[in-house]
Amino acid sequence: MTKSLLPTILAGLIFLPFTSQAADTQRQTEVARLGSDVMPFSLNATTHIFTKTSDGGTQRVVAKDASDMQQTKLVRQHLRDIQTQFLKGDFSGPSHVHGKRMPGLAELQSATPGQISITYKDVDGGAEIAYRTADAKLVSAIHDWFDAQVSDHGKDAVAGHDGDHAHHSHSSTMQ
């Protein structure tokens with residue numbers, strides 16, 4: 001390596017994290033803008049919790065303010081709607097918000113009906129969808145899909161821990 005290239009390479013390595021962070025922030029802003037087309041609740045007033053499990057995972061959305069009944073109602077309505085859509089193989093919502101090349105999405109869209117169990121339930125301050133499958137490739141796709149959502153939603157999403165839902169109180173998810 002020539003001495004003249006060394007300063008350029010070092011400068012690139014030093015500033016790379018800053019350009020990556022700016023790209024992440026720009027991506028998160030775009031996802032929030034597109035999310036309002038699909039999600040009736042406020043991203044700023046809610047937290048998405050994506051918990052991977054050995055057979056898939058759970059997607060929980062809760063109001064940051066437990067007394068905010070309007071956000072809770074909107075979250076529950078939305079998660080019921082997407083459960084219905086996903087059971088039909090319709091992943092147009094995530095595709096619109098996160099893009100057609102979202103990690104894991106193509107695999108989820110190609111699953112045959114019944115290959116992934118998608119169940120809904122109300123939780124304190126919101127709702128949860130559980131995704132379960134015996135297919136290892138689909139489990140991996142769900143995990144990739146969760147990782148992409150946590151990254152794309154930034155401060156409005158967190159990665160949960162298997163069996164750890166009780167530890168995600170509304171106050172601990174406030175940003």
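Residues numbered from 1 in each chain as written. Predicted model: local features only at pLDDT ≥ 70, side-chain atom pairs only at ≥ 80, totals over all residues. Heavy atoms only, no water.

## Some points on the overall build of the protein chain
Line of reasoning, step 1. Each helix and strand counted, the protein chain has five helices and five strands in total.
Line of reasoning, step 2. Across the protein chain, helices and strands are ordered from the amino to the carboxyl terminus as α-β-β-α-α-α-β-β-α-β. (Helix = DSSP H or I, 4+ residues; strand = E, 2+ residues; numbered from the N terminus.)

## Describing the packing of aromatic side chains
Line of reasoning, step 1. One pass over the structure, following the stated rule, counts eight aromatic pairs.
Line of reasoning, step 2. Ring centres of Phe 86 and Phe 91 lie 4.3 Å apart, and the angle between their planes is 15°; on these two criteria the pair is classed as stacked. As far as burial versus exposure is concerned, Phe 86 and Phe 91 are alike and both buried.
Line of reasoning, step 3. Measuring from ring centre to ring centre gives 6.3 Å for Phe 86 and Tyr 131, while their planes differ by 35°; the resulting arrangement is tilted. Of this pair, Phe 86 sits in helix H2 (residues 69-87) while Tyr 131 sits in strand E4 (residues 126-132), placing them 45 residues apart in sequence.
Line of reasoning, step 4. Residue Phe 86 is classed as buried on the basis of its relative accessible area of 5%.
Line of reasoning, step 5. Of the residues examined, Tyr 131 reaches a relative accessible area of 2% and is grouped as buried.
Line of reasoning, step 6. Aromatic rings pair up to connect Phe 50, Phe 86, Phe 91, Tyr 131, Trp 145 and Phe 146 into one cluster. (Phe/Tyr/Trp six-rings, centres within 6.5 Å; stacked < 30°, edge-to-face > 60°. Buried < 20%, exposed > 50% of the residue type's maximum accessible area, 1.4 Å probe, protein only.)

## Here's the deal with the confidence of the model for the protein chain
Line of reasoning, step 1. On average, residues of the protein chain carry a pLDDT of 77, and 65% of them reach 70 or more.
Line of reasoning, step 2. For residues 15-23, every residue scores under 50 in pLDDT, and the model assigns this stretch zero contacts once sequence neighbours within four places are set aside.
Line of reasoning, step 3. With pLDDT under 50 throughout, residues 164-175 is counted as low confidence; its partners more than four residues away or in other chains account for 21 contacts. (pLDDT = per-residue confidence, 0-100. Contact = heavy atoms within 4.5 Å.)

## Description of the environment of Ala 134
Line of reasoning, step 1. When you line up the elements, Ala 134 lands in the loop between E4 and helix H5 (136-153).
Line of reasoning, step 2. Separated by 78 residues in the primary sequence, Ala 134 and Gly 56 place their C-alpha atoms 8.5 Å from one another.

## A few points about the pairing of strand E2 (residues 56-63)
Line of reasoning, step 1. The buried count for E2 comes to eight of eight residues, which makes it a mostly enclosed element.
Line of reasoning, step 2. With burial as the criterion, each face of E2 is covered, one bearing Gly 56, Thr 58, Arg 60 and Val 62 and the other bearing Gly 57, Gln 59, Val 61 and Ala 63.
Line of reasoning, step 3. As judged from the eight bridges shared by strand E1 (residues 46-53) and E2, these two strands associate in the antiparallel manner. Looking at E2, one finds that Ile 49 is bridged to Arg 60. (Pairing = 2+ DSSP bridges.)

## Regarding the pattern of salt bridges
Line of reasoning, step 1. In the structure shown here, the tally under the stated rule is six salt bridges.
Line of reasoning, step 2. A salt bridge links Lys 52 to Asp 147; the nearest nitrogen and oxygen atoms lie 2.7 Å apart. On the criterion of sequence distance, the pair formed by Lys 52 in strand E1 and Asp 147 in helix H5 is long-range, its members being 95 residues apart.
Line of reasoning, step 3. Look at Lys 52 and you get partly exposed, because its relative accessible area is 34%.
Line of reasoning, step 4. With relative accessibility at 39%, the residue Asp 147 sits in the partly exposed group.
Line of reasoning, step 5. In this structure, Arg 76 engages Asp 122 in a salt bridge whose closest nitrogen and oxygen atoms are separated by 3.7 Å. A residue pair is termed long-range when its members are at least 10 positions apart, and Arg 76 in helix H2 and Asp 122 in strand E3 (residues 117-123) qualify at 46 residues.
Line of reasoning, step 6. Take Asp 122: its relative accessible area is 41%, and that puts it in the partly exposed class.
Line of reasoning, step 7. Counted as one network, the salt bridges with shared partners bring together Arg 60, Lys 121 and Glu 128. (Salt bridge = Lys/Arg side-chain N within 4 Å of Asp/Glu carboxyl O.)

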